[in-house]
Amino acid sequence: MEILTLHTENFKGVPLDINFDGCDTDIYGDNGTGKTTVFDAVWWLLFNKNSLNETKFDIKPLDENGQEKHNLEYLVEASFRLENGSTVTLKKVLTEKWTQKRGSATKENTGNETKYFIDDTPKPANKFSAYIQETFVSEDTFKLLTDVFHFAKTIDWRKRRELVLQICGDVDNADIFAANKNVRALENLLGNKNLDDFKATITAEKKKINDELKIIPAKISELKNGLSDNVSDSKLKLESELGCSRKELDTIKEEILLAKNGDTVIRLKKAIAEVDTSIMKYKNLLNKDTTDRQNILLNEISAQQVKESELKAQLSDANTKKSNAEVKISFIETELKNLADKFDSEAADKYPDIPIEDVCVLCGQKLPADQITAAREKEDKARIDYNSRKANRLEQMNTQGKQLKADLTANRENIILYENQISTLEKSIADIKEIITSKQQEYKTLSENKVESSPAIDALEARKLKYLQQITDAETTAEVNITGLKEKATTKQVEIDDIENKLAVIGMSERTQARIAELTKQQKDYAQRFEELSRQLFLTEEFTKTRVKLLEDKVADKFKLTQFKMFTDQINGGISECCEPMHDGKPYKALNNAMQYNIGLDIIRTLDAHYNFYPPIFIDNAESITKLNTDIDAQIIRLIVSEPDKKLRVVVKDETRREIA
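The structure displayed is predicted, hence computed values, not measured ones.

A. View of the nonpolar core. One finds Leu6, Phe80, Leu90, Phe136 and Ile619 to be the most contacted residues of the largest nonpolar core, which totals 93 residues. Top element by residues in this core is helix H1 (residues 35-47). It accounts for nine residues. What Phe80 contacts, discounting residues up to four positions off in sequence, is Met1, Glu2, Ile3, Leu4, Leu45, Ser86, Thr87, Val88, Leu90 and Phe136.

Given below as structure tokens:
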């Protein structure tokens, strides 16, 4: 794409009318003559910005007092030859809006209005912008292809790297494995993971293992310090001694039990049980009639209580039904009152008596007799219909009232019935309670009058007391022997506790030794795994270095002057991604101004080919460059400071980039 012509009116106060004819062009002028205005005009026309990417800048010219000049049209118009050979003319016109408010004698500037044209056809702003996007390229891409510094200086290195890889293509794993056989072992290790994820996994695992390797020696040392030096007894010997001591203790406990419950005591306790049985038999025999009568009373009391529960349930049901009937009566009485009021209101309502007009309300003349007759017949029919409907409504209310009164009578009769039932049930319940109370009193009297003593029972009670005294005497005699046995048992228990403590120490020592062995093996396994992970990490670094070499070689083939540093070495021996333009081993930032211009043109040459779009390139301050890289298919417009040229001087070049006379 080439710019053919550029025409401006009042734009930044510099009128321009330049015929580029699609050729390289040098524009000479002293400072302030409008060279940068050429660049700004094109950018404002296409993207509403100036060449510095600013949306707010001074478009309107200033007067001798530094104030904006008003009531002017600010116009930029340019024609372009497109990639397909066709031409298009774009125009943008900015005008001021002046509004006279109510009550004011003067107009005020209330804003600006911008008009857009494509080949002199007016277009709305969105259609104009869409045309630029579709026919040219996006604003970001246009800046990449027209500004020699934008790619190398302005955009983030990540975006720069992304563009370089889009142009040159990345290097895949197969290329790397083919170029360096030493890293082929990594192919199986990677699996479906990418290299960064694989390295992150290895690094994390190495850190975890390294942390463990740091603390394992301290754990082993702590366990060794905790081992007891007094573990000399054999575990088997101690376990055997423990078994023997426990058997001896059990024997002593049996002897104590036998001393407490000797043959004499056991025999006497058995005799007491037999005496108790005999006493119970005598009492049951003496009180047989009383007990039988009490059993009969208990059955009768239970039967009366069941009957009482049934009657109480019936009483509760009757009370509920009575309450429901009372609620219904209250509701019906309310309904009857409302219905009576409604009936009285309906009965009092009468059809309105409206006189028949026999004179025309418009002209005042008497109406024809047939019209008067028809009106009267219509009125009579309406009165008859009204009275008929009224009679029907009154009849319906009368029927409804009769039904409500019938329901009221029925519910009142039901209440009388329920009240009789309640009275009968309450009396029956009171009678049953009296019967239950009488029988319970009889039962109590019988219990109080039971026979508890007789000559035979008294003799048995005396014999029981004799046996109890004999048991006390026997236990007193045995207590002396029991005291010695208890002392013997205590001594034996101390022996058992001592053996169990020694066995516990041995068990703790065995568990500690096992844990030390486990940690030692773990330490060895961790060390082997750490070494393997270090080897894998080394492979990833070799893999990356090979990728760096292949990628930088691939990038170098796409540019003539520019090389790219795609990776940088880190202090820890690793590498990280970057994207820095270079020339003859020097970074872009270290190059002189002229070489930075030429590197920028070299990059644009490759970007033009990548996007297949060749817009004009503006080079400001071109006087500082003695040798410019013109090996590029795009139109180059140089803006050159020239003190003698107090007005812009335009020099158009031919296809060989020589000045046209």
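Continuing now.
B. Quick look at the sheet that holds strand S13 (residues 649-652). Within the open sheet, the four strands sit side by side as S11-S12-S3-S13. Their pairing is mixed. Because the sheet does not close on itself, it has two edges, and the strands there are strand S11 (617-619) and S13. Here the average twist between neighbouring strands, direction ignored, is 15 degrees. Strand direction decides the pairing type here: strand S3 (residues 25-29) and S13, joined by four bridges, are antiparallel. The residue bridging Tyr28 from the neighbouring strand is Arg649, located in S13. Where H1 meets the sheet, it contacts S3, S11 and strand S12 (636-641), and its direction lies at approximately 145 degrees from that of S12.

C. Here's a closer look at the pattern of salt bridges. Per the stated rule, a full pass over the model turns up 36 salt bridges. Between Arg638 and Asp26 there is a salt bridge, with its nearest N and O atoms 2.9 Å apart. Taken together, the positions of Arg638 in strand S12 and Asp26 in strand S3 put the pair 612 residues apart, joining distant regions of the chain. Look at Asp26 and you get buried, because its relative accessible area is 2%. Across the pair Asp525 and Lys521 runs a salt bridge whose closest N-O atoms are separated by 2.9 Å. With Asp525 and Lys521 both in helix H13 (residues 455-556) and four residues apart, this pair spans about one turn of that helix. Salt bridges sharing partners connect three or more residues here, namely Asp26, Arg638 and Lys653.

D. Molecular detail of the sheet that holds strand S8 (residues 563-569). Taken in spatial order, the three strands make up an open sheet running S8-S9-S10, and their pairing is antiparallel. In this open sheet, the two strands that pair with only one neighbour each are S8 and strand S10 (586-587). Inspection of the sheet shows S8 paired to strand S9 (residues 575-583) by six bridges, in the antiparallel sense. Across the sheet, the residue bridging to Phe564 is Pro581, located in S9.

E. Spotlight on the pairing of strand S6 (residues 108-118). Bridge analysis of strand S5 (residues 87-99) against S6 gives 10 bridges, and the strand direction is antiparallel. Residue Val93 lies in a different strand from S6, and its bridge partner there is Lys115. Pairing geometry for S6 and strand S7 (residues 121-123), over three bridges, is antiparallel. Within S7, the residue paired with Ile118 across the bridge is Thr121.

F. Main features of unusual backbone geometry. The residue Asn48 is not glycine, and still its phi comes out positive at about 60 degrees. Locating Asn48 in the fold gives a position in the loop between H1 and strand S4 (74-81).

G. Seen up close, the packing of helix H11 (residues 288-348) against helix H12 (residues 369-448). Running from N to C, H11 and H12 point in directions that differ by 165 degrees, and their axes come no closer than 6 Å. Of the possible angle classes, the one that applies to H11 and H12 is roughly antiparallel. For the pair H11 and H12, the sense of crossing is left-handed. Split by residue class, the contact of H11 with H12 holds 27 nonpolar, 13 polar and 23 charged.

H. Highlighting the packing of aromatic side chains. According to the stated counting rule, one finds 14 aromatic pairs in the structure shown. A centroid spacing of 6.4 Å and a plane angle of 70 degrees characterise the contact between Phe11 and Phe57, whose relative ring orientation is edge-to-face. Taken together, the residues span a long stretch of sequence, with Phe11 in the loop between strand S1 (2-9) and strand S2 (16-19) and Phe57 in the loop between H1 and S4 at a distance of 46 residues. Here the two residues Phe11 and Phe57 agree in accessibility, since each one is buried. With a centroid separation of 5.5 Å and 75 degrees between ring planes, the pair formed by Trp43 and Phe142 is classed as edge-to-face. Taken together, the residues Trp43 in helix H1 and Phe142 in helix H3 (residues 139-146) connect sequence positions 99 residues apart. Every member of this aromatic cluster is reached through a ring pair, and the members are Phe11, Trp44 and Phe57. Note that Lys206 overlies the ring of Phe530, its terminal NZ or CZ placed 4.8 Å from the centroid.

I. Summary view of the environment of Leu186. If you trace the backbone, Leu186 turns up in helix H7 (residues 185-190). In this structure Leu186 comes out as buried when scored by relative accessible area, which is 0%. Each C-alpha atom of the pair Leu186 and Phe543 lies 8.3 Å from the other, and the pair is 357 residues apart in sequence.

J. Local environment of the state of the cysteines. Taken as a whole and judged by the stated rule, the model has zero disulfides. Here Cys168 stays free of any disulfide, with the sulfur of Cys579 as its closest cysteine sulfur at 9.3 Å. With a relative accessible area of 8%, Cys168 lands in the buried category. For Cys579, which is in no disulfide, the shortest distance to another cysteine sulfur is to Cys578 and amounts to 7.1 Å.

K. Examining the side chain of Asp645 more closely. Inspection of the secondary structure puts Asp645 in the loop between S12 and S13. Classification of Asp645 by relative accessible area gives buried; the value is 12%. At 3.0 Å, the side chain of Asp645 and the side chain of Arg649 are in polar contact. Setting aside chain neighbours within four positions, we find Asp645 in contact with Tyr28, Gly29, Asp30 and Thr33.

L. Focus on helix H14 (residues 593-611). End to end, H14 covers 27 Å across 19 residues, agreeing with the expected 27 Å (1.5 Å per residue, within 8%). Here H14 starts with a cap whose side-chain oxygen sits 3.3 Å from the backbone nitrogen of Ala594, and that cap is Asn592. Within two residues after H14, Asn612 carries a phi angle of roughly 55 degrees, on the positive side.

M. Representation of the packing of helix H5 (residues 157-168) against H14 within the structure. In contact at an axis separation of 10 Å, H5 and H14 are set at 60 degrees when each is read in the N-to-C sense. Accordingly, the angle class assigned to the pair H5 and H14 is oblique. Crossing handedness for the pair H5 and H14: left-handed. Facing Leu163, Gln166 and Ile167 of H5, the residues of H14 in contact are Thr606, Leu607, His610 and Tyr611. Grouping the constituent residues of the contact of H5 with H14 by class yields four nonpolar, three polar and no charged.

N. Focus on the environment of Ser86. Position of Ser86 relative to the elements: it lies in the loop between S4 and S5. Given the relative accessible area of 31%, Ser86 is considered partly exposed. The sequence separation of Ser86 and Met1 amounts to 85 residues, and the corresponding C-alpha distance is 9.8 Å. With sequence-adjacent residues up to four places away left out, Ser86 is seen in contact with Phe80 and Arg81. A distance of 2.6 Å separates polar atoms of two side chains, one belonging to Ser86 and the other to Asn84.

About the thresholds
Here, residues in each chain are numbered from 1, in the same order as that chain's written sequence. Local features in a predicted model are, by the rule used here, given only for residues with pLDDT of at least 70; side-chain atom pairs are given and counted only at 80 or more, and totals for whole chains, interfaces and linings are based on all residues. Only hydrogens and water are set aside when side-chain values are computed; all heavy atoms of the structure are taken into account. Buried Ala, Val, Leu, Ile, Met, Phe, Trp, Tyr and Cys residues that are joined via side-chain atoms within 4.5 Å together make up what is termed a nonpolar core. Each residue is assigned to one of three classes by its accessible area relative to the maximum for its type, calculated with a 1.4 Å probe on protein chains only: buried under 20%, partly exposed between the two thresholds, exposed over 50%. Per the convention used, a helix needs a DSSP run of H or I reaching at least four residues, while a strand needs a run of E reaching at least two, with both numbered from the N terminus. Contacts between residues were defined by any pair of non-hydrogen atoms, one from each residue, lying within 4.5 Å. Two strands qualify as a pair provided DSSP detects at least 2 bridges between them. Here an axis means a line fitted to C-alpha atoms, over the contact stretch when the element is a helix, while the angle between two N-to-C directions is reported on a 0 to 180 degree scale. Between Lys or Arg on one side and Asp or Glu on the other, a salt bridge is scored when a side-chain nitrogen of the former is within 4 Å of a carboxyl oxygen of the latter. Comment on the angle field: the value is read as roughly parallel under 35 degrees, roughly antiparallel over 145, roughly perpendicular from 65 to 115, and oblique elsewhere. Less than a right angle of anticlockwise turn of the near helix away from the far helix marks a crossing as left-handed, whereas a clockwise turn marks it as right-handed. For this classification, the nonpolar set comprises Ala, Val, Leu, Ile, Met, Phe, Trp, Tyr, Cys and Pro, the charged set comprises Asp, Glu, Lys and Arg, and every other residue, Gly included, is treated as polar. Only Phe, Tyr and Trp rings take part, Trp by its six-membered ring, and two of them pair if their centres are within 6.5 Å. Stacked means planes under 30 degrees apart, edge-to-face means over 60, and tilted covers everything else. A ring is scored as having a charge over it whenever the NZ atom of a lysine or the CZ atom of an arginine sits within 6 Å of its centre and within 35 degrees of its normal. Cysteine sulfur atoms that come within 2.5 Å of each other are treated as a disulfide pair. Whenever a nitrogen or oxygen atom comes within 3.5 Å of another N or O atom, the pair is scored as a polar contact, on the condition that within protein one atom can donate a hydrogen and the other can accept it, and that pairs from neighbouring residues in sequence are kept only if both atoms are in side chains. Residue count minus one, scaled by 1.5 Å, sets the expected span of a helix.

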